[in-house]
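Structural overview
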Amino acid sequence: MKPIPSSQITPESVYLNRRQILRGMGLGAGSLLVGACAAPSTGGSSSGDRSPDVAPLVEPDSVLSVTEAPPVASAATDELGQPLTSFEAVTNYNNFYEFTTSKEGVARLAEDFVATPWTVEVGGLVNNPQTFDVDGIKALADVEERIYRLRCVEAWSMVVPWSGIPLAALLKTVQPKAEAKFVRFETLSDPDRLPGQKSRAFTWPYAEGLRLDEAMHDLAILATGLYGRDLPAQNGAPIRLVVPWKYGFKSIKSIVRIDLVDEMPSTLWNDQAPSEYGFFANVNPEVDHPRWSQKSERRIEGGLRRIDTLPFNGYGDQVAQLYAGMDLTKWF
Ligand SMILES: Nc1nc2c(c(=O)[nH]1)N[C@H]1C(S)=C(S)[C@@H](COP(=O)(O)O)O[C@H]1N2
Ligand SMILES: [Mo]
């Protein structure tokens, strides 16, 4: 199979054109359904209030500008030809439990979240610990656009044009020591700004982790934007991880700390329900979640139609070798 580039540039005008088309079709968030709930079976009910409230659409008009005639919208696909999920859907159907467990409620609750100033402290087993602001992180490499599929463990998915830098660029800058084997990420801890953190149902702050070689893989990025603009708060402003071959919960939002460590770090979902959310969490249609099948998924704009879930979310050619010799049914 011919290798396909993992990144491609889609001009901003394509998005605008697509958005106009969708608006013309009268796309509304009302067509979105609440997906299967990721709450652990043991932790009581945290499935969200399923309120029929629809958050106001984020209006990108003030930010986007068109300087030339928009090209045809059909160019706006990922490398498998999958159409991009609209800006409206990507920014109005979110998992961000620091705000609420209701996917349709995050956008409105996050509206007033202030993501500046912001710093990310990078330390642990490194020779060159540093604290970066977001511009400092963007300056570490060329900010690239990456169109990635995001597959939530709850079996819904999207196709998102992120912008960001390879996580490897940051890790190389801080120079991991030889003993460093894993990378641990932590979300902002601030219950006044992240009211969901007042809930005792979860062990805040949200934490995630990768093995160092996974973190160094070129597909793993620190995203600072989507659809050519800064990350909206509901998508993890101002900086979040995106690891496209793993279930969405690995892609931790609003990061304030990154530590190189020598042992597999504990992570929020793995702590909460280890039999349901593994540390590796590679997308794998052959390993069902204990409460639902992982063989197929629903694109959030695809209605009820389901599509096959691909091993490693379709990135197997690039990442499968990271797991050579591992039993991926055991190390799920
Ligand atoms: N801090 C934090 N990061 C998080 C989450 C969260 O609740 N808190 N949810 C995760 C889950 S389950 C998914 S599917 C993705 C959703 O990202 P999106 O809302 O940008 O689509 O974010 C992940 N990152
Ligand atoms: Mo998720």
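Only a predicted model underlies this, so the values are computations on that prediction, with no experimental measurement involved. (Residues numbered from 1 in each chain as written. Chains lettered and ligands numbered in written order. Predicted model: local features only at pLDDT ≥ 70, side-chain atom pairs only at ≥ 80, totals over all residues. Heavy atoms only, no water.)

1. Points about the sheet that holds strand β10 (residues 255-261)
With respect to topology, five strands assemble into an open sheet ordered β2-β1-β10-β5-β6, the strand pairing being mixed. The sheet is open, and its two borders are formed by β2 (130-133) and β6 (207-211), each paired with just one other strand. Between one strand and the next, the sheet's axes are offset by a mean angle of 20°, whatever the strand orientation. Where strand β5 (residues 182-187) lies against β6, five bridges are found, and the strand directions are antiparallel. Bridge assignment links glutamate 186 to a residue of β6, and that residue is alanine 207. Where helix α5 (residues 167-174) meets the sheet, it contacts β1 (119-124), β2, β5, β6 and β10, and its direction lies at approximately 145° from that of β2. (Pairing = 2+ DSSP bridges. Helix = DSSP H or I, 4+ residues; strand = E, 2+ residues; numbered from the N terminus. Axes fitted to C-alpha atoms, helices over the stretch in contact; angles between N-to-C directions. Contact = heavy atoms within 4.5 Å.)

2. Digging into α5
Of all eight residues in α5, six are buried; the element is thus mostly enclosed. Residues of α5 that are buried include every one of Leu167, Ala168, Ala169, Leu170, Leu171 and Val174, and no others. Count one or two residues on from α5 and you reach glutamine 175, which has phi positive near 55°. (Buried < 20%, exposed > 50% of the residue type's maximum accessible area, 1.4 Å probe, protein only.)

3. Re the pattern of salt bridges
Summed over all chains, the structure comprises 16 salt bridges. Of the charged contacts, one joins arginine 146 and aspartate 218 as a salt bridge, the two residues approaching to 3.3 Å between their closest N and O atoms. Of this pair, arginine 146 sits in strand β3 (residues 144-151) while aspartate 218 sits in the loop between α6 (212-215) and β7 (221-226), and the two are 72 residues apart along the sequence. Since its relative accessible area comes to 41%, aspartate 218 is described here as partly exposed. As a salt-bridge pair, glutamate 297 and arginine 299 come within 3.6 Å of each other at their nearest N and O atoms. Taking relative accessible area as the criterion, glutamate 297 reaches 2% and is therefore assigned buried. Sharing partners across several salt bridges, the network here consists of Asp78, Glu79 and Arg149. (Salt bridge = Lys/Arg side-chain N within 4 Å of Asp/Glu carboxyl O.)

4. A word on the packing of aromatic side chains
In the structure shown here, the tally under the stated rule is 17 aromatic pairs. Measuring from centroid to centroid gives 5.8 Å for phenylalanine 280 and tryptophan 331, while their planes differ by 90°, and the two rings are edge-to-face. Of the two residues, phenylalanine 280 is situated in the loop between α7 (268-272) and β11 (296-299) and tryptophan 331 in the segment after α8 (316-319); the sequence distance between them amounts to 51 residues. For the ring pair phenylalanine 312 and tyrosine 323, a centre distance of 5.6 Å and an interplane angle of 15° mean the geometry is stacked. Taken together, the residues span a long stretch of sequence, with phenylalanine 312 in the loop between β12 (307-308) and α8 and tyrosine 323 in the segment after α8 at a distance of 11 residues. Under the relative-accessibility criterion, phenylalanine 312 is labelled buried at 10%. Exposure remark for tyrosine 323: the relative accessible area of 3% places this residue in the buried category. Joined through ring pairs, the aromatic side chains of Tyr97, Phe202, Trp204, Phe249, Trp269 and Tyr277 make up one cluster. (Phe/Tyr/Trp six-rings, centres within 6.5 Å; stacked < 30°, edge-to-face > 60°.)

5. Quick notes on the pairing of β11
Burial along β11 is two-sided: the face carrying Ser296 and Arg298 and the face carrying Glu297 and Arg299 are both buried. Relative to β11, strand β4 (residues 156-166) runs parallel, the two sharing two bridges. Looking across to β11, one finds that serine 157 is bridged to arginine 299. The sheet contact formed by β11 and β12 spans two bridges and is antiparallel. Its bridge partner being in β12, glutamate 297 is matched across the sheet by isoleucine 307.

6. Some points on empty space enclosed by the protein
Counted according to the given criterion, the structure contains four cavities of 30 Å³ or more. By volume, the largest cavity amounts to about 360 Å³. Around the largest cavity, the lining is made up of 24 residues, and of these Asn95, Phe96, Gly248, Phe249 and Lys253 lie nearest the centre. Among the elements that line the lining of the largest cavity, the one with the most residues is β4, at three residues. Class assignment for the residues of the lining of the largest cavity results in 14 nonpolar, six polar and four charged. (1 Å grid on protein atoms, 1.4 Å probe; cavity = no way out; pocket = protein on both sides within 12 Å on 5 of 7 lines; lining within 4 Å. Points joined across faces, edges and corners; volume = space filled by probe spheres on them. Nonpolar A, V, L, I, M, F, W, Y, C, P; charged D, E, K, R; others polar.)

7. Things to note about the site of ligand 1
Near ligand 1, the surroundings consist of 17 residues, among which Tyr97, Glu98, Arg240, Ser251 and Lys253 are the closest. Asparagine 95 is positioned such that a nitrogen or oxygen atom in its backbone is 3.1 Å from a nitrogen atom of ligand 1. Here lysine 253 contributes a side-chain N or O atom positioned 2.7 Å from an oxygen atom of ligand 1. Bound to the protein, ligand 1 loses 99% of the 540 Å² it would expose on its own. The cavity where ligand 1 resides is the largest cavity. For the shell around ligand 1, the residue count by class is eight nonpolar, six polar and three charged. (Near = heavy atom within 4 Å. Polar contact = N/O pair within 3.5 Å; in protein donor to acceptor, adjacent residues only side chain to side chain. Areas by Shrake-Rupley, 256 points an atom, 1.4 Å probe, with all protein chains shown as cover. Sits in = over half its atoms within 2 Å of the grid points.)

None of this, on its own, says anything about what the molecule does.
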